Amino acid sequence: MLVGRSLKSVVVALAALMLVPATSLAAGDVARYILPPGNYGGLPFTNESTDQLPLYDGLTPLRRNVSLTDVNRLFLPENFKPVGKTTTIDTGRKGTRLVYDEYGVPHVYGKTRADVAFGAGWSTGRDRALLIQLGRWPARVAVADVPGIDAFGLVTSGQQFVPSPQAEALVTKQRKLIVKRFGSKGRQILRDAQAYADGLNAYAKSINDPQPPATINDVIAVTGFIGSIFGAGGGGEARNSDLLAKLQQGLGKVRGYRVWDDVMLAEDPEAPTTIRRRFNYPPLTGGRVTGSVTVDPGSVQAFDPLAPGTSSASVNAASAPPRKQASNFLVASPQRSRTGNSLAVMGPQLGYYYPEIVQQMDLHGPGMNAQGVAVPGLAMYILIGRTKNYAWSLTSAGHDVRDVFAEKLCNPNGSAPTRASTHYVYKGRCIALKDFDAGQLNGKALKYKTSVHGPVIGTATVGGKPYALARKRSTFGRDGLNLAALHDLTAGKASTPKKFWKTANQFEFTFNWAYASRKATAYFTSGRLPKRARGLDRRLPTLGNGKYEWKGFLSGREHPHDVSGPGGLLLNWNNQSAPGFMHGDDEPYGSVHRVELFDQWPKRPRITDDVGIMNRAATEDVRSPAWPVVSKVLHGGPAPNARAAQVVSILDDWVRRDAPRLDADDNGQYDEPGPAIMDATWQLLAKAVMRPVLGETLLSAVDNARGLGGLSGESYVDKDLRTLLGRKVAGRFNVRYCGKGSLTACRASLWAAVDEAAAGLATRLGPDPAKWLVTAGRTTFAPGLLPNTIRGTNRPTFQQVLEFQNR
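Just so it is clear, the structure is predicted and the values come from calculations on it, not from any experiment.

Colleague: Whenever I open this one, the overall build of the protein chain confuses me. Can you help?
Modeller: Summing up its helical and strand segments, the protein chain has 21 helices and 29 strands in all. The C-alpha atoms of the protein chain give 27 Å as radius of gyration, which agrees with the globular expectation for 807 residues (28 Å, within 12%). When the backbone C-alpha atoms are referred to their principal axes, the protein chain occupies close to 95 × 75 × 45 Å. Among the 807 residues that make up the protein chain, the fraction classed as buried is 61%.

Colleague: Looking at this structure, I do not really get the sheet that holds strand β5 (residues 106-110). What am I missing?
Modeller: Strand pairs in the sheet, formed through backbone hydrogen bonds, run parallel or antiparallel to each other. Strand order in this open sheet of 10 strands is β3-β4-β5-β11-β12-β13-β14-β22-β23-β25, and the pairing throughout is mixed. Pairing within the sheet leaves two strands with one partner each, and these edge strands are β3 (87-89) and β25 (561-563). Between one strand axis and the next, the sheet turns by 20 degrees as a mean value, whatever way the strands run. Pairing between strand β12 (residues 368-374) and strand β13 (residues 384-386): 3 bridges, direction antiparallel. Of the residues in β13, the one forming a bridge with Q371 is R386. Against the sheet, helix α5 (residues 113-135) makes contact with β3, β4 (96-100), β5, β11 (359-365) and β12, and its axis sits at roughly 160 degrees relative to β11, the strand it touches most. Helix α15 (residues 497-504) contacts β22 (511-517), β23 (521-525) and β25 of the sheet and is inclined by roughly 20 degrees relative to β23.

Colleague: Would you mind showing me how to read the packing of aromatic side chains here?
Modeller: In this description, an aromatic ring pair is defined by two values, namely the gap between the centres and the angle between the planes. All chains considered together, the criterion is met by 21 aromatic pairs. Relative to Y353, the ring of F152 lies with its centre 5.1 Å away and its plane at 85 degrees, an arrangement referred to as edge-to-face. One end of the pair, F152, is in helix α7 (residues 151-157); the other, Y353, is in the loop between β10 (342-347) and β11, and 201 residues separate them in sequence. Each member of the pair, F152 together with Y353, is buried. Site record: aromatic cluster; members linked through ring pairs are Y390, W392, F500 and Y515.

Colleague: Can you walk me through the sheet that holds strand β19 (residues 444-450) in this structure?
Modeller: On the basis of which strands lie adjacent, the open sheet formed by 3 strands has the order β6-β18-β19 and antiparallel pairing. Looking along the sheet, the strands with just one partner apiece sit at the ends: β6 (161-163) and β19. Strand-to-strand twist of the sheet, defined as the mean angle between neighbouring strand axes without regard to direction, takes the value 35 degrees. Bridge count for strand β18 (residues 434-441) against β19 is 7 bridges, and the pairing is antiparallel.

Colleague: I tried to follow the pairing of β18 on my own but got confused; where do I start?
Modeller: For a regular strand, side chains alternate in direction, first toward one face of the sheet and then toward the other. With 3 bridges connecting them, β6 and β18 associate as antiparallel partners. Considered in β18, the bridge of V162 is made with Q440. The hairpin formed by β18 and β19 contains 2 residues between the paired strands, and N442 there has a positive phi angle of roughly 50 degrees.

Colleague: Would you explain the environment of W772 in this entry?
Modeller: As for its position among the elements, W772 is in the loop between α21 (743-765) and β27 (778-779). Overall, the relative accessible area of 0% leaves W772 in the buried class. With 179 residues separating them in the primary sequence, W772 and H593 have C-alpha atoms 27 Å apart. Setting aside chain neighbours within four positions, we find W772 in contact with R643, V647, E672, P673, A676, I677, A758, L761, A762, L765 and G766. A distance of 2.8 Å separates a polar atom in the side chain of W772 from the backbone oxygen of G766.

Colleague: Is there a simple way to think about the packing of helix α9 (residues 174-182) against helix α10 (residues 184-206) in this case?
Modeller: Each pair of packed helices can be summarised by the angle the axes make with each other and by the distance between the axes. Interaxial distance between α9 and α10 falls to 5 Å at its minimum, and their mutual angle equals 145 degrees. Residues R175, I178, V179 and F182 of α9 pack against S184, K185, G186, R187, I189 and L190 of α10. Of the residues assigned to the contact of α9 with α10, the class counts are 5 nonpolar, 2 polar and 3 charged.

Colleague: Before we go on, may I ask you to explain the packing of helix α17 (residues 627-634) against helix α18 (residues 642-656) in this structure?
Modeller: Remark: α17 packs on α18, axes separated minimally by 11 Å, with the N-to-C direction vectors making an angle of 145 degrees. Helix-helix and strand crossings are classified by hand; for α17 and α18 the assignment is left-handed. Facing α17, whose interface residues are W627, S631 and L634, α18 presents V648, L651, D652 and V655. A class-by-class count of the residues in the contact of α17 with α18 yields 5 nonpolar, 1 polar and 1 charged.

Colleague: Even after reading the chapter, I still don't get α9, so can you show me in this structure?
Modeller: For an α-helix, the turn length of 3.6 residues means that residues three or four places apart are oriented alike. Among all positions in α9, only Q174, I178 and F182 are buried. Looking straight down α9, one finds its buried side chains confined to an arc of 55 degrees; they lie on one side. Those residues of α9 that are exposed and angled more than 90 degrees off the buried face are K176 and K180. In this fold, the buried residues of α9 make contact with α6 (138-144), α8 (165-172), α10, α11 (216-230) and α14 (483-490). Just past α9, the residue G183 takes up positive phi, approximately 60 degrees.

Colleague: What exactly am I supposed to notice about a positive patch on the surface here?
Modeller: A cluster of like positive charges, contributed by R338, K603, R604 and R606, occupies part of the molecular surface. Examined against the element boundaries, K603 turns out to sit in the loop between β26 (569-572) and α16 (607-618).

Colleague: So what exactly am I meant to see when it comes to α5 here?
Modeller: Counted at 1.5 Å a residue, the expected span for α5 with its 23 residues is 33 Å, but the 26 Å between its end C-alpha atoms falls short. When you tally the buried positions in α5, you get 17 out of 23 residues, the bulk of the element.

Colleague: Just to check I follow, could you spell out the state of the cysteines for this structure?
Modeller: The term disulfide refers to a covalent linkage connecting the sulfur atoms of a pair of cysteines. According to the stated counting rule, one finds 2 disulfides in the structure shown. Covalently, C410 is tied to C430 through a disulfide, its sulfur atoms 2.1 Å apart. When the S-S torsion is 105 degrees, as for the bridge of C410 with C430, the disulfide is right-handed. With a gap of 20 residues between them, C410 in strand β15 (residues 402-410) and C430 in strand β17 (residues 429-432) connect regions that are remote in the sequence. You can call C430 partly exposed: its relative accessible area is 32%. Bridging C738 to C746, the disulfide has an S-S length of 2.0 Å. Disulfide C738 to C746: torsion about the S-S bond roughly 90 degrees, handedness right-handed. Of the two residues, C738 and C746, both sit in the buried class.

Colleague: Looking at this structure, how should I read the nonpolar core?
Modeller: One recurring pattern in soluble globular proteins is that nonpolar side chains are buried together. Membership of the largest hydrophobic core comes to 129 residues, with the highest contact counts inside it found for M380, F500, W513 and F598. At 9 residues, the largest contribution of residues to this core is made by α11. Beyond its immediate stretch of four places on either side in the chain, F500 contacts A494, W513, A514, Y515, A522, Y523 and F524. By size, the runner-up hydrophobic cluster in this structure holds 57 residues, among which are L244, V263, A688 and W751.

Colleague: Before we go on, may I ask you to explain the pairing of β15 in this structure?
Modeller: Among the 9 residues that make up β15, 8 are buried, leaving the element largely enclosed by the rest of the structure. In terms of strand pairing, β15 meets strand β21 (residues 465-473) through 7 bridges, oriented antiparallel. Residue pairing in the sheet places F405 in a bridge with A470 of β21. Bridge analysis of β15 against strand β24 (residues 542-543) gives 2 bridges, and the strand direction is parallel. Within the sheet, the bridge partner assigned to F405 lies in β24 and is T542. In this structure, β15 lies alongside strand β16 (residues 423-426), joined through 2 bridges in antiparallel fashion. Among the inter-strand pairings, C410 is bridged to a residue of β16, identified as H423.

Colleague: Looking at this structure, I do not really get the environment of R429. What am I missing?
Modeller: Mapped onto the secondary structure, R429 falls in strand β17. Separated by 327 residues in the primary sequence, R429 and E756 place their C-alpha atoms 60 Å from one another.

The rules behind the values
- Numbering of residues starts from 1 in each chain and follows the order in which that chain's sequence is written.
- It should be noted that, the model being predicted, local features are given only for residues of pLDDT at least 70 and side-chain atom pairs only at 80 or more, the latter also being counted only at that level, while totals for whole chains, interfaces and linings use all residues.
- Only hydrogens and water are set aside when side-chain values are computed; all heavy atoms of the structure are taken into account.
- Note on conventions: DSSP H or I runs of at least 4 residues are helices, E runs of at least 2 residues are strands, and numbering of each starts at the N terminus.
- Computation of the radius of gyration draws on C-alpha atoms alone. For the globule rule, the value is 2.2 Å times the number of residues to the power 0.38.
- Working definition: with a 1.4 Å probe on protein chains only, accessible area under 20% of the residue-type maximum means buried, over 50% means exposed, and in between means partly exposed.
- When DSSP finds two or more bridges between two strands, those strands count as paired.
- In this analysis, axes come from line fits to C-alpha atoms, helices being fitted only over the stretch in contact, and the angle between any two N-to-C directions falls in the range 0 to 180 degrees.
- In this description, contact between two residues means that some pair of their heavy atoms is separated by no more than 4.5 Å.
- Two rings belonging to Phe, Tyr or Trp (six-membered ring only in the last case) form a pair when the distance between their centres is within 6.5 Å. Interplanar angles under 30 degrees mark stacking, angles over 60 mark edge-to-face geometry, and anything in between is tilted.
- Between N or O atoms, a polar contact is any pair within 3.5 Å; within protein, one atom must be a potential hydrogen donor and the other a potential acceptor, and residues adjacent in sequence are included only when both atoms are from side chains.
- Only Asp, Glu, Lys and Arg are considered charged, only Ala, Val, Leu, Ile, Met, Phe, Trp, Tyr, Cys and Pro nonpolar, and every remaining residue, Gly among them, polar.
- Crossing handedness follows the turn of the near helix against the far one: under a right angle anticlockwise gives a left-handed crossing, and clockwise gives a right-handed one.
- Directions from the helix axis toward the C-beta atoms define the arc.
- What makes a patch is a set of residues exposed beyond 30% relative accessible area and free of salt bridges, joined within 9 Å when like-charged and within 5 Å when nonpolar (Val, Leu, Ile, Met, Phe, Trp, Tyr).
- Accessible surface area values rest on a Shrake-Rupley calculation with a 1.4 Å probe, where residue burial reflects the displayed protein chains alone.
- Salt bridge, as applied in this entry: a Lys or Arg side-chain nitrogen positioned within 4 Å of an Asp or Glu carboxyl oxygen.
- Under this rule, positive means Lys or Arg and negative means Asp or Glu; His and the chain ends count for nothing.
- Lys charges are placed at NZ, Arg charges at CZ, Asp charges at CG and Glu charges at CD.
- The length a helix should cover is 1.5 Å for every residue beyond the first.
- By convention in this document, the label disulfide applies to cysteine sulfur atom pairs within 2.5 Å.
- Buried residues of nine kinds, namely Ala, Val, Leu, Ile, Met, Phe, Trp, Tyr and Cys, make up a nonpolar core once their side-chain atoms join them within 4.5 Å.

In structure tokens form, the structure reads like this:
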């Protein structure tokens, strides 16, 4: 019986209760996040466009000296509550309540799932309309794997792409696949996507935006778009093969292969890994290599889809597609931390853009209680974030989900084929390459050929005979399936490590996943990873004759995964996942990696230690781990002059202090000479190590393929010099490089490199190395709409700081 209250008032009260979040922050939890420059991404700029910029930049000069007060001051609360002054938006939908806080973060409350998804769509329209307008059509380029075209580059450059019906059909047919794979959950995903599109369209209508209405296809296409930027790997076999051919041409077949095997860094036992447990996924698939090909040196020609029937001299289209890296996570288990709680500092390095390519979001309704960042275009789910009792994050893993197949060209009439031939040999028959019309880019047709394996990316010759090169992606035509993992994470279904592994395994794009809950921390690396036929070297193109097709895919238990991690720490900075597990053929891992900068952990860390280690590493020169062995070789003999000796002394001291690349006082210059000296010296040192064996031409080829100035070069220098010094080295190189194995000759070449760098710096900056202060790096926001800059830092763009009370 109702006393003192009408039935209508009770219904109203219950309805109001349904529109407030059911979650709350547990006492003692730390939950903060940050997204520069700000959460609003439209024009004209507002305060919310840049209000997180001073917070993000404010952490940089602190390096490791971070207090809890600093964390609370320089990160926003991620506690399911609006921050400060709020504004409620009328979306016109009764079941949706949309509240913006003073940082422009939308908090969406809905009676139904559709109400929540609608509100998320509305907020994307409000906050990322410009990005949606620029990105929705280029997303189809990613879905279709158009060769030689960087889909993300189309967005940042504002180029106009109009998809063809053939390209759109690749997206449309994924709707049925989602339902077929996931049943009722798949149907729910499509309903969520439609409600999200409805929200986008409702906002567009409210401002009289003439853009075509958003659809479920847009959601699926943007999912594929994100996967193409951050969640794919492999596909660089043509370039690897060309390098092998050049090395064998210059050094002989046997020695050339040994050098190639060294510089590939495909299975270095010293490569830092996130977990210690071994998982087997080696470069050689078993038996004698009979199904991999070495192209003729210099014969790779990339296909240009804007000019069908022609090819360019570059190998860009035939190289592995570009992707972004530098995401990281530092997770400490309850057993390791001082407080007995899970600790996590984690986030993706997405690049710095305005508008930013993710948006902060807080979602609450039936089956949805999560906060973090979402992808504009599929923001009815959280991509990276937290629920009440767990959080998750991603880094790009670069696993081998793409292979290049070498299709032997033929002519149906039996005449000698050429690169222009349109047929290829498959299972003993001469069959036709198919035509694909992707659409128009800036008014020009995008057309190319496809084989049974995928788009033709170029041609090459093998033993003088012409081959087409086609790239196969394991996730092609399956992009929308990845929504299932985000659906479940947002819905709170990953409540234990095992449930987390199962959920993450639904994500077929290739990522490292970090997980922290109140009771545990865990790791999983995802991707639809092919089981390849015997007789292959995964680093080289596969014969496309039908004898070496994929044999299925790794099961979830065959993917690297773990609980807690080595010593209670799970550390990842796009490094190798586990011993024995080769990532993509374009993903070298050697003895040196930037993840090693996550060091100096106290025995029992607190959340401030976690943040401080990350922040110190963010301004530490990534080449610094390789310097001590260089210094050891140099100090074994006299310097050529006092200036060279002083330069080495400065670098020794700088590296001992964690090699800061820092402009702490924000005056536009680095605070000390270390950055200038290292920048001028490193490439010369790496070349000095490798040149005695390679000579100038092959040195340039290796540099172009692997990069002497990056992590590969550091690993070459580190392993070769440690071997030369007689130290214990696991997985020694096949060949001695520096000084051709002579320590005396090696030392002389390294001192010559130091002296050359010092002479150049003296000419430019004056005689005193202690005064070699140069302009500090600044972070800008592509594509240039926003003029603001901040101090350079090698840190995730979006970042969470979390401590879950163990209760």
